[in-house]
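Spelled out from the first residue to the last, the chains are:
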Amino acid sequence: MRAFLRRFALWLPLPLGYSAAALALLKVTTASPGAQRAALGVGLALGALTLGMAVHALARRPARWAGSLALDEHHGLSDRITSALALLGRPESERTALSEAAIEDGLALVERLDPRRAVPVPIPREFAVSLLLGGLLLGVVWFEVRVTRLLPPPPSFEPLVMAADDLELFSDIAQRMTDKSDDPDSLAAIRRFNALVEDIAARRLERREAFERMSELEAELAKSADIDREARELGLEGLARELQRSGLAKTAAQALEEKRLADAAKALRELADKLKKKGQAPSKSELERLRGAVERASRQSGERLAAVEQRRRELNDEKQSLLKRKSQPGQADKAEAKLGENQRKLERLERDQQRAERAARQLSDLDRQLAEAAKDLAKDTQQGAEDINRSADELDKVEKREMSEKEKRELLERLREMKELLRQQGQAGQERMKQMRRFGQRARGGGGGGDEGEQSGKPGSKSGRGLGQSTRIEQVQVPRIVQVPGGSAGGGDPKSGGDKGNEPGSGVQAGSTHDDHLAGDATTPKGETHDVSAAAVDTGQGSASAEVIHGAAERGFVGKAYRDVYVDYQTVAEQSLEHDQIPPGYRFYVRRYFQLIRPRE
Amino acid sequence: MTDPDTARRDVEEFLKKIGALREEIGRVIVGNREVIDGVLTCMLSGSHALLEGVPGLGKTMLVRTLAQVMGLEFTRIQFTPDLMPADIIGTVVLDETADGKHVFEFRKGPVFANIVLADEVNRATPKTQSALLEAMQEHRVTVGRTTHALEEPYCVLATQNPLEMEGTYPLPEAQLDRFFFKLEVPFPSREELHTILERTTSEAETHVTQVLTREDMLSMQALVRRVPVARHVRDYAIRVLQATHPHGEGAPSAVNRFVRTGASPRGVQAMLLAAKVRALFEGRFAAAIDDVKAAARPALRHRMLLSFEGEAEGVRPDTLIGDILGSIPSSKD
């Protein structure tokens, strides 16, 4: 054990020293995981070596008589025990009397021996070095190396901010649509839209996240694409055309042509009732015409599809022959030109076919019912009437589907409006936001209009499209002309607008150059303006529109009168936006303006 | 195999006699316990001792006293440069018998005694010194064609002065090796000097009595030879001897540096015999490592020849032996 401890104490400084050095090195440098593993491996190997050496010492046979000599030394016996043991090992024949006496002497001493004290297991002095190194290692372990690491700044959360007024607008829209709709799909889409508005209101969304959600919703709503609507309308038109051939189904055909599906369904039900009433039963020829019309109507989708398919086949055959001609010398150019035309026709037909297929798919139930009706009318008028009734039900379903899609389209439109609003707000950073806020304030007739107009008019002097451009607009030509001062963005209340706000265009110059990105004529430097006028009829009942507007500016955008005036004006504005040539950048502002001055509850 | 009780009794008898001897010597010789024990060890081992010390330290007195208490014949030879071998060995002389005949008769020299004191042995020429060699080694003397045996016990105690080297003939290595021990006689301490003065300057004369006979001495010598030595003790003595040789096994660096030649096998013989004597002195039945250690200095100091560097550095062999004893462990794998 002494040898074990001594050997261990001799070797222990090696792994300890290495560990301290390696740990210190690893702490002050940035070692790769591989290097760290290697260092650990070497440390473990040195530890194992130390232990191995100590175990080897333990396993080694101790020197002969080492134990008895230690006993002799401890007890001051001058080798009497060792000599006795050594002499005892001799053959008896070789032992002398003195040898025997020495053995007996040694044996007599055995009882006095205290091996534990004679051969203590002292802690080797070499452990002092290990102790020092162990302390050093602990020191290194506790030693904290402060490394300054520049961490990337935490991602800052900048919520998307929308004006309370806008939030209210979109929330109102969602509420209105919810009240109106009973289609589960539409309601789910509206709920998602409302949740988006609520999240923006609660400032839970960042700009990127909000746009992501808007895009998702937009993509979902856009699924019911226009192509479906077109295909359905195409199918219904064909249906109306065929039904028109029968005098009995004329009303229904008329309604279908005008896309009044509810009226068409009602007309079909009336027709069914008429067929059921025995006293008012139509003549046989009328019935036959009706049956023929209904039968053709039930087939028209399939026939159109077949016709398109037939035409496609023809065009494909033509294409093949043109390709052959193209390879013939002298015919290549002509064939090439015809091939291009053929290709275009084919592509068009491709779209027609797609549309026809969709129409057939959407109206398949209605077609089936009409086919049933045509079949039954030939046998039993009563049964045919029932079938027509069921066809009316199918038409109701189509109408419902269309209504749902209409709602979705409206929601999509509102969503795009919101997106555009947010896009405009964020387009040019804080400055743009301020501009939009100013625009909002002035649109609602907020105070400080003159001051704002002056400030924002300056940039407009260059480009000619500043918000504070001093263009005098006679907004509505009514029996009494109302001049709205303070620039195009709403002059505001003259009383609250301040002196400058009451002076149209004061301190503001028109731009001298024209922005190529804008549609329409360049702003004339001379300050010439185009008057916009709208005619209205004074019925003599209630307040004049100008008075209503003035009152709304003073009291707020409430009241039935204001709502009526607003609807009138918005309708005119929408028509102008639809038909007149208006620079694209301005359409947004016009719509935004009407959003801001919308009637409130 | 004899009875261990007998052996025990022999040892007890030995101790008694040694005790009596020491007591009697102590009546004349003041202090010098180590020297007395050393001389006794040499005598009990049947060997010879070289005593080194300045004149006047009682060397002759010690030897004479020893001879008296043991009842042995004692002679003293004062070695001088003109001392001839015949002066110490003896010579053949022409003698006239009673009937008038002339015969050659051998007249024994001073070596024919039990204890011979060769005073200042290094003052005689090597020729005379070597004449002593045969007597010391062989315990016999050859004169002419006749060999004369020396009576046992036979012990030569030579002295030499370590200071006066002028006109001396240092003993050759071979002759030095024949001395069992080289004992250094120290200068007495103050207390010892008081006692010496008291004894030697007063009226009272100190007489010693014989406490041993020649036979006792011989039986004691025989007992010494019978003392067993365990292998580990013998092994230790051998390792010590090996370490006295430069670059020998276990030799300390000082030995490698300062020693020219290590001790001869006679050195280890001397150590073991002395160990046996010491064991008996202490009443033990077997020699021990401690006994070897105690015998190492007197047995080896004159057998280790220093190198030029060692002499130049003034290294003492005792120091080197101390290094050896300190470096060799009691047991070996």
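On a predicted model such as this, the values are computed, not experimentally measured, just so you know.

**Examining the overall build of chain A**
Next up, step 1: Looking only at helices and strands, chain A has 24 helices and 0 strands in total.
Next up, step 2: Burial statistics for chain A: of 601 residues in total, 37% are counted as buried.
Next up, step 3: As presented, chain A carries roughly 35,400 Å² of accessible surface, and 52% of it is formed by carbon and sulfur atoms.

**Comments concerning helix H14 (residues 261–276) of chain A**
Residue and element names in this part refer to chain A.
Next up, step 1: In a regular helix each residue adds 1.5 Å, so 16 residues correspond to 22 Å; H14 covers 22 Å between its end C-alpha atoms and thus fits that length.
Next up, step 2: Among all positions in H14, only Leu 261, Ala 264, Ala 265, Ala 267, Leu 268, Leu 271, Ala 272 and Leu 275 are buried. Angularly, the buried residues of H14 cover 160° about the axis, an arc narrow enough to put them on a single face.

**So, the environment of Thr 159 of chain B**
All names here are of chain B.
Next up, step 1: Note that Thr 159 resides in strand S8 (residues 155–160).
Next up, step 2: Since its relative accessible area comes to 1%, Thr 159 is described here as buried.
Next up, step 3: As a C-alpha pair, Thr 159 and Glu 184 span 25 residues in sequence and 9.7 Å in three-dimensional space.
Next up, step 4: The contact partners of Thr 159, leaving out residues within four places of it in the chain, are Leu 50, Leu 51, Lys 59, Leu 117, Ala 118, Asp 119, Glu 120 and Val 121.

**Digging into a nonpolar patch on the surface**
Residue and element names in this part refer to chain A.
Next up, step 1: Where nonpolar side chains cluster on the molecular surface, the patch consists of Met 1, Leu 58 and Val 121 and spans about 290 Å² of accessible area.
Next up, step 2: Among the structural elements, Leu 58 can be located in helix H3 (residues 33–59).
Next up, step 3: Overall, Leu 58 belongs to the partly exposed group, its relative accessible area being 44%.

**Some points on the sheet that holds strand S5 (residues 115–119) of chain B**
All names here are of chain B.
Next up, step 1: As summarised here, the arrangement of the 5 strands in space is S2-S5-S8-S1-S9, forming an open sheet in which the pairing is parallel. Here the strands that pair on one side only, and so sit at the sheet edges, are strand S2 (74–78) and strand S9 (181–184). When strand polarity is set aside, the average angle formed by the axes of neighbouring strands in this sheet is 20°.

**Structural notes on the nonpolar core**
Next up, step 1: Ranked by size, the top nonpolar core spans 89 residues in total, and within it Met 70 and Met 271 of chain B carry the most contacts.
Next up, step 2: Looking at this core element by element, the count peaks at 10 residues for helix H11 (residues 265–281) of chain B.
Next up, step 3: What Met 271 of chain B contacts, discounting residues up to four positions off in sequence, is Ala 237, Val 240, Leu 241, Val 292, Ala 295, Ala 296, Ala 299 and Leu 300 of chain B.
Next up, step 4: Ranked by size, the runner-up nonpolar core spans 42 residues in total, among them Ala 174, Leu 411, Leu 422 and Met 436 of chain A.

**Notes on a positive patch on the surface**
Next up, step 1: A cluster of basic residues, Arg 61 and Arg 64 of chain A together with Arg 231 and Arg 234 of chain B, forms a positive patch on the protein surface.
Next up, step 2: Among the structural elements, Arg 64 of chain A can be located in the loop between H3 and helix H4 (66–75).

**Here's the deal with the packing of helix H1 (residues 4–26) of chain B against helix H8 (residues 214–226) of chain B**
All names here are of chain B.
Next up, step 1: Between H1 and H8, whose axes approach to 11 Å, the crossing angle comes to 130°. Relative to H8, the element H1 is oriented oblique. Relative to H8, H1 is oriented so that their crossing is left-handed. When H1 is examined against H8, the residues Asp 10, Val 11, Phe 14, Lys 17 and Ile 18 are found in contact with a partner set consisting of Asp 216, Ser 219, Met 220, Leu 223, Val 224 and Arg 226.
Next up, step 2: A per-class count over the contact of H1 with H8 returns 6 nonpolar, 1 polar and 4 charged.

**A few points about the interface of chain A and chain B**
Where interface size is given, it is often the accessible area lost as the parts come together that is meant.
Next up, step 1: Chain A puts 26 residues into the contact, and the matching count from chain B is 28 residues.
Next up, step 2: With both sides pooled, the region where chain A packs onto chain B buries about 2,000 Å², and carbon together with sulfur makes up 64% of that total.
Next up, step 3: When residues of chain A are sorted by the area they lose upon contact with chain B, Ser 78, Ala 97 and Leu 98 of chain A head the list and together hold 29% of the total.
Next up, step 4: On inspection of chain A and its partner chain B, the count reaches 1 salt bridge.
Next up, step 5: Residue Arg 8 of chain B pairs with Glu 104 of chain A through a salt bridge whose shortest N-O separation is 2.6 Å.

**Some points on helix H9 (residues 231–243) of chain B**
Next up, step 1: In a regular helix each residue adds 1.5 Å, so 13 residues correspond to 18 Å; H9 of chain B covers 18 Å between its end C-alpha atoms and thus fits that length.
Next up, step 2: Buried within H9 of chain B are the following residues: His 232, Val 233, Tyr 236, Ala 237, Arg 239, Val 240, Leu 241 and Ala 243 of chain B.
Next up, step 3: Buried residues along H9 of chain B sit against H4 and helix H5 (80–88) of chain A together with helix H10 (253–258), H11, helix H12 (289–300) and helix H14 (317–327) of chain B.

**Points about the pattern of salt bridges**
Next up, step 1: For the structure on display, the rule yields 46 salt bridges over all chains.
Next up, step 2: Of the charged contacts in the structure, one is a salt bridge between Glu 258 of chain A and Arg 260 of chain A, with a shortest N-O distance of 2.6 Å.
Next up, step 3: Close ionic contact of Arg 284 of chain B with Asp 291 of chain B constitutes a salt bridge, the shortest N to O distance being 2.7 Å.
Next up, step 4: A cluster of three or more residues bridged by salt bridges with shared partners is formed by Arg 278, Glu 282, Arg 284 and Asp 291 of chain B.

**A short note on the pairing of S2 of chain B**
Residue and element names in this part refer to chain B.
Next up, step 1: Side chains of S2 alternate between two faces, with Thr 75 and Ile 77 buried and Phe 74, Arg 76 and Gln 78 left unburied.
Next up, step 2: In this structure, S2 lies alongside S5, joined through 5 bridges in parallel fashion. Across the sheet, Thr 75 pairs through a bridge with Val 116, a residue of S5.

**What about the confidence of the model for chain A?**
Next up, step 1: In this model, chain A carries a mean pLDDT of 74, and residues with pLDDT of at least 70 account for 79%.
Next up, step 2: Between residues 448–508 of chain A, whose pLDDT stays under 50, and residues either more than four places distant or in other chains, the model counts 105 contacts.

**Some thoughts on empty space enclosed by the protein**
Next up, step 1: Under the defined criterion, the tally for this structure stands at 3 cavities of 30 Å³ or more.
Next up, step 2: For the second largest cavity, the calculated volume is near 40 Å³.
Next up, step 3: Every residue along the wall of the second largest cavity is listed here: Arg 80, Ser 83, Ala 102 and Asp 105 of chain A together with Arg 284, Phe 285 and Ala 286 of chain B.

**Looking at the pairing of strand S6 (residues 140–143) of chain B**
Moving residue by residue along a regular strand, the side chains alternate between the two faces of the sheet.
All names here are of chain B.
Next up, step 1: Of the two faces of S6, the one lined by Val 141 and Val 143 is fully buried and the one lined by Arg 140 and Thr 142 carries no buried residue.
Next up, step 2: When S6 meets strand S7 (residues 146–149), the two strands line up antiparallel, connected through 4 bridges. Its bridge partner lying in S7, Val 141 is registered against His 148.
Next up, step 3: Once S6 ends, the chain turns through 2 residues before running back antiparallel as S7, passing Gly 144 with a positive phi of about 65°.

**Re the side chain of Ser 391 of chain A**
Next up, step 1: As for its placement among the helices and strands, Ser 391 of chain A is situated in helix H18 (residues 381–427).
Next up, step 2: Given the relative accessible area of 0%, Ser 391 of chain A is considered buried.

**Some details on the packing of H12 of chain B against H14 of chain B**
Residue and element names in this part refer to chain B.
Next up, step 1: Running from N to C, H12 and H14 cross one another at 145°; their axes reach a closest spacing of 10 Å. When the axes of H12 and H14 are compared, the crossing they make is right-handed. Residues Lys 293, Ala 296, Arg 297 and Leu 300 of H12 form the contact with H14, whose participating residues are Asp 318, Ile 321, Gly 322 and Leu 325.
Next up, step 2: Of the residues contributing to the contact of H12 with H14, the split by class is 4 nonpolar, 1 polar and 3 charged.

**Let's talk about unusual backbone geometry**
Glycine aside, residues mostly have negative phi angles, and peptide bonds mostly take the trans form.
Next up, step 1: Put simply, Glu 152 of chain B and Pro 153 of chain B share a cis peptide bond, and its omega is -10°.
Next up, step 2: On the secondary structure map, Pro 153 of chain B appears in the loop between S7 and S8.
Next up, step 3: For Arg 203 of chain A, which is not glycine, the phi torsion reads 55° and is therefore positive.
Next up, step 4: In this fold, Arg 203 of chain A is placed in the loop between helix H10 (184–201) and helix H11 (207–221).
Next up, step 5: Classification of Arg 203 of chain A by relative accessible area gives partly exposed; the value is 47%.

**Quick notes on the state of the cysteines**
Residues and elements named next belong to chain B.
Next up, step 1: For the coordinates displayed, the defined rule picks out 0 disulfides over all chains.
Next up, step 2: Unpaired in terms of disulfides, Cys 42 finds its nearest cysteine sulfur in Cys 155, a separation of 6.3 Å.
Next up, step 3: Looking at Cys 42, the relative accessible area reads 0%, which means it is buried.
Next up, step 4: With relative accessibility at 3%, the residue Cys 155 sits in the buried group.

**So, the environment of Ala 286 of chain B**
Next up, step 1: Following the sequence through the fold, Ala 286 of chain B ends up in the loop between H11 and H12.
Next up, step 2: With relative accessibility at 7%, the residue Ala 286 of chain B sits in the buried group.
Next up, step 3: Separated by 58 residues in sequence, Ala 286 of chain B and Pro 228 of chain B have C-alpha atoms that sit 5.1 Å apart.
Next up, step 4: When sequence neighbours within four positions are dropped, the list of residues in contact with Ala 286 of chain B reads Ser 83, Leu 87 and Ala 102 of chain A together with Val 227, Pro 228, Ala 279 and Asp 291 of chain B.

Calculation rules
Residues numbered from 1 in each chain as written. Chains lettered and ligands numbered in written order. Predicted model: local features only at pLDDT ≥ 70, side-chain atom pairs only at ≥ 80, totals over all residues. Heavy atoms only, no water. Helix = DSSP H or I, 4+ residues; strand = E, 2+ residues; numbered from the N terminus. Buried < 20%, exposed > 50% of the residue type's maximum accessible area, 1.4 Å probe, protein only. Areas by Shrake-Rupley, 256 points an atom, 1.4 Å probe, with all protein chains shown as cover. Expected span 1.5 Å × (residues − 1). Arc of directions from axis to C-beta. Contact = heavy atoms within 4.5 Å. Patch = residues over 30% accessible without salt bridge, like charges linked within 9 Å, V, L, I, M, F, W, Y side chains within 5 Å. Salt bridge = Lys/Arg side-chain N within 4 Å of Asp/Glu carboxyl O. Pairing = 2+ DSSP bridges. Axes fitted to C-alpha atoms, helices over the stretch in contact; angles between N-to-C directions. Core = buried A, V, L, I, M, F, W, Y, C linked by side-chain atoms within 4.5 Å. Lys, Arg positive; Asp, Glu negative; His and termini not counted. Charge placed at Lys NZ, Arg CZ, Asp CG, Glu CD. Parallel < 35°, antiparallel > 145°, perpendicular 65-115°, else oblique. Left-handed = near helix turned anticlockwise from the far one by under 90°. Nonpolar A, V, L, I, M, F, W, Y, C, P; charged D, E, K, R; others polar. Buried area = accessible area lost by both parts, 1.4 Å probe. pLDDT = per-residue confidence, 0-100. 1 Å grid on protein atoms, 1.4 Å probe; cavity = no way out; pocket = protein on both sides within 12 Å on 5 of 7 lines; lining within 4 Å. Points joined across faces, edges and corners; volume = space filled by probe spheres on them. Disulfide = S-S within 2.5 Å.

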